[in-house]
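# Residue-level structure breakdown
Here is how the chains run, residue by residue.
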Amino acid sequence: MSVLERLDAARPRFSSRLRSPEVAARVGVWLGICFAVAFLTGVWSHLYQDQPSWLTIPSSPVWLYRATQGLHVIAGTAAVPLLLVKLYAVYPKLFELPVLRRGARLATWALEKASIAVLVASAVFLLVTGLVNVTQWYPWAFSFRPTHFALAWIAIGALVLHIAVKLPVIRDALGRPADTEPDGTPVDTPDGSLSRRSLVRTALAASGVTVLAVAGDTVPGLRRISVFATHSGDGPNGLPINRSAREADVTTLALDPTYALDVVGPGGTVRLTRADLEAMPQSTERLPIACVEGWSFAADWTGVPLRDLLDLVDVPAGATVRCVSLEPDGPFDSSELRGSWTDDRRTLVALRVDGEPLAVDHGFPCRLIAPNRPGVLQTKWLSSVEVVA
Ligand SMILES: Nc1nc2c(c(=O)[nH]1)N[C@H]1C(S)=C(S)[C@@H](COP(=O)(O)O)O[C@H]1N2
Ligand SMILES: [Mo]
């Protein structure tokens, strides 16, 4: 016996009843769907935040980002129980040794194992960092967004490779009932123990329950039953807050009685106090705040259409505009709006929400609120609006 063969003989063995390709493939299909949805909605979210010059993102439908980002977090959450069951079903394979493999076969075997290591590590990393981010806890030094994004490409690459390599096994396993052996004989499930079919169903049910526990962050009808939803809507103005005025160190500036908003364009600079803004014609729009962390809330925002302010300083149609916050220094202290938003009369410099003056935590004296836009780009505590191009 070679050393490898001896090691192989000593490795852990597991019953193959539940730990089987039939379970792995069935749970894997749903896991694959979750990862595909999370990947596509994730790439979509990055396009808003690093908008390439060639891309026009429409401002309609107003709820589009709310839906895609809600789906992103829901798909990631749904994947957690599925990944655990999937790992349970396949983990003895991680102890496999390259017995009786030589040359090219050994190389293929090693490549496949390496791709699985990358896939498992990146999938666990994505789900863990994503969930931790949703709770707004940042226990590590690296920046969440670029790291999560880079790992997503690695995970999807490894996933595509894994599916390609396993396609024959997957086809075969899905082609027969879960509790049937390859030769067609039924699997012997002792009385009172779990069948493969029940394990798959339990995994799906666990995933469904997990989704219900968090989906209320973005699906209004579920707020009551979502016990793990992070944003309940009991903040000021009845709306959740992402970063409070105190956290942003902006309270004094925001409540300063000499406050005025600078609007800067080709026609010069106009300074408007909150009273000046209130004296202008007001519009009310029902628009959601849709945070990248998955929670969202719709409200009736009242204020001056951004377009009316830009007209005061001759900003041409289609211009790109930068909204700058009073916030001294923060990752979200300004944002840029392309023409699709600046020309949309639903894009407001809001003064009120749901009929009440904005609370300082929601951006008093005034904030940006625009249709179909990530919350992170809905700049609060505006100090200036400046034409960029
Ligand atoms: N100046 C400034 N604006 C900001 C933020 C911020 O930290 N600073 N947070 C953004 C994020 S991430 C979100 S989700 C929304 C939340 O708006 P709300 O706190 O009024 O609910 O505000 C956005 N506007
Ligand atoms: Mo956010």
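Residues numbered from 1 in each chain as written. Chains lettered and ligands numbered in written order. Predicted model: local features only at pLDDT ≥ 70, side-chain atom pairs only at ≥ 80, totals over all residues. Heavy atoms only, no water.

## Quick word on the site of ligand 1
The local shell around ligand 1 holds 18 residues, among which Pro240, Glu327, His362, Arg367 and Lys380 are the closest. At a separation of 3.1 Å, a nitrogen atom of ligand 1 approaches a polar side-chain atom of Ser325. Within the side chain of Glu327, one N or O atom sits 2.6 Å away from a nitrogen atom of ligand 1. Across the complex, the protein chains shield 99% of the 530 Å² of accessible surface that ligand 1 would expose by itself. For the shell around ligand 1, the class distribution of residues is 8 nonpolar, 6 polar and 4 charged. (Near = heavy atom within 4 Å. Polar contact = N/O pair within 3.5 Å; in protein donor to acceptor, adjacent residues only side chain to side chain. Areas by Shrake-Rupley, 256 points an atom, 1.4 Å probe, with all protein chains shown as cover. Nonpolar A, V, L, I, M, F, W, Y, C, P; charged D, E, K, R; others polar.)

## A closer look at unusual backbone geometry
The amide bond that connects Ser60 to the next residue, Pro61, takes the cis arrangement and shows omega of -15°. Here the bond from Phe364 into Pro365 is cis, since omega is 5°, no more than 30 degrees from zero. Mapped onto the secondary structure, Pro365 falls in the loop between strand 8 (356–357) and strand 9 (367–369). The phi dihedral of Trp381 is positive, around 55°, even though this residue is not glycine. Inspection of the secondary structure puts Trp381 in the loop between strand 9 and strand 10 (382–387). By relative accessible area, which is 2% here, Trp381 ends up buried. (Helix = DSSP H or I, 4+ residues; strand = E, 2+ residues; numbered from the N terminus. Buried < 20%, exposed > 50% of the residue type's maximum accessible area, 1.4 Å probe, protein only.)

## Quick look at the packing of helix 2 (residues 21–49) against helix 6 (residues 196–215)
Between helix 2 and helix 6, the least distance of the axes is 10 Å, while the angle of their chain directions is 20°. Judged by the angle between their axes, helix 2 and helix 6 are roughly parallel. Here the hand of the crossing between helix 2 and helix 6 comes out right-handed. Note on element contacts: helix 6 touches helix 2 through Arg196, Leu199, Val200, Ala203 and Leu204, opposite Glu22, Val23, Arg26, Val27 and Trp30. A class-by-class count of the residues in the contact of helix 2 with helix 6 yields 7 nonpolar, no polar and 3 charged. (Axes fitted to C-alpha atoms, helices over the stretch in contact; angles between N-to-C directions. Parallel < 35°, antiparallel > 145°, perpendicular 65-115°, else oblique. Left-handed = near helix turned anticlockwise from the far one by under 90°. Contact = heavy atoms within 4.5 Å.)

## Regarding a nonpolar patch on the surface
Taken together, Val29, Trp30, Ile33, Leu174 and Leu204 make up a surface patch of nonpolar side chains, about 400 Å² in accessible area. Since its relative accessible area comes to 35%, Val29 is described here as partly exposed. (Patch = residues over 30% accessible without salt bridge, like charges linked within 9 Å, V, L, I, M, F, W, Y side chains within 5 Å. Salt bridge = Lys/Arg side-chain N within 4 Å of Asp/Glu carboxyl O.)

## Thoughts on the pattern of salt bridges
For the coordinates displayed, the defined rule picks out 15 salt bridges. Among the ionic pairs, Arg286 bridges to Asp300, the shortest N-O distance being 3.2 Å. Here Asp300 lies in strand 4 (residues 296–305) and Arg286 lies in strand 3 (residues 283–290), a separation of 14 residues in the sequence. In this structure, the salt-bridge partner of Asp343 is Arg307, at a minimum N-O distance of 3.2 Å.

## Remarks on the sheet that holds strand 10
Strand order in this open sheet of 5 strands is 2-1-10-5-6, and the pairing throughout is mixed. The open sheet has two edge strands with one neighbour each: strand 2 (268–272) and strand 6 (334–337). Going across the sheet, the axis of each strand differs from the next one's by a mean of 15°, ignoring polarity. (Pairing = 2+ DSSP bridges.)

## Quick notes on the environment of Ala370
Looking at the secondary structure, you find Ala370 in the loop between strand 9 and strand 10. Put simply, Ala370 and Val349 are 21 residues apart on the chain and 8.7 Å apart in space, counted from C-alpha to C-alpha. In this structure, Ala370 is in contact with Leu287, Leu337, Trp341, Thr347 and Gln378, ignoring residues within four places of it in sequence.

## Details of the environment of Lys166
Here Lys166 shows up in helix 5 (residues 144–174). The spatial distance from the C-alpha of Lys166 to the C-alpha of His148 is 26 Å, given a sequence separation of 18 residues. Not counting residues within four places of it along the chain, the set of residues in contact with Lys166 comprises Lys93 and Glu112.

## Structural notes on helix 5
Here helix 5 is 31 residues long, yet its end C-alpha atoms lie only 37 Å apart, well below the 45 Å a rise of 1.5 Å per residue gives. Approximately 65° is the largest bend angle found in helix 5, and it occurs at Lys166, with the proline Pro168 only one to four residues beyond. Restricting attention to buried positions, one finds in helix 5 the residues Phe144, His148, Leu151, Ala152, Ala155, Ile156, Ala158, Leu159, His162, Lys166 and Ala173. In this structure, the buried side of helix 5 is in contact with helix 2, helix 3 (64–90) and helix 4 (103–134). (Expected span 1.5 Å × (residues − 1). Bend = angle between axes of the 7 residues up to and from the residue.)

## Quick look at the nonpolar core
Counting 35 residues, the largest nonpolar core has Leu261, Leu277, Leu309, Leu337, Cys366, Leu382 and Val385 as its most contacted members. Secondary structure elements with two or more residues in this core: strand 1 (261–265), helix 9 (306–312), strand 5 (321–325), strand 7 (348–353) and strand 10. Dropping the residues within four chain positions of it, Val385 is found in contact with Leu261, Asp262, Val263, Val264, Leu306, Leu310, Val321, Arg322 and Cys323. Of all hydrophobic cores here, the second largest spans 31 residues; its members include Val23, Cys34, Ile74 and Ala203. (Core = buried A, V, L, I, M, F, W, Y, C linked by side-chain atoms within 4.5 Å.)

## Some points on the state of the cysteines
Cysteine pairs can be covalently joined through their sulfur atoms, and such a bond is termed a disulfide. The final tally for this structure, using the stated rule, is 0 disulfides. Of all cysteine sulfurs, the one in Cys366 lies closest to Cys323, which takes part in no disulfide; the gap is 9.1 Å. (Disulfide = S-S within 2.5 Å.)

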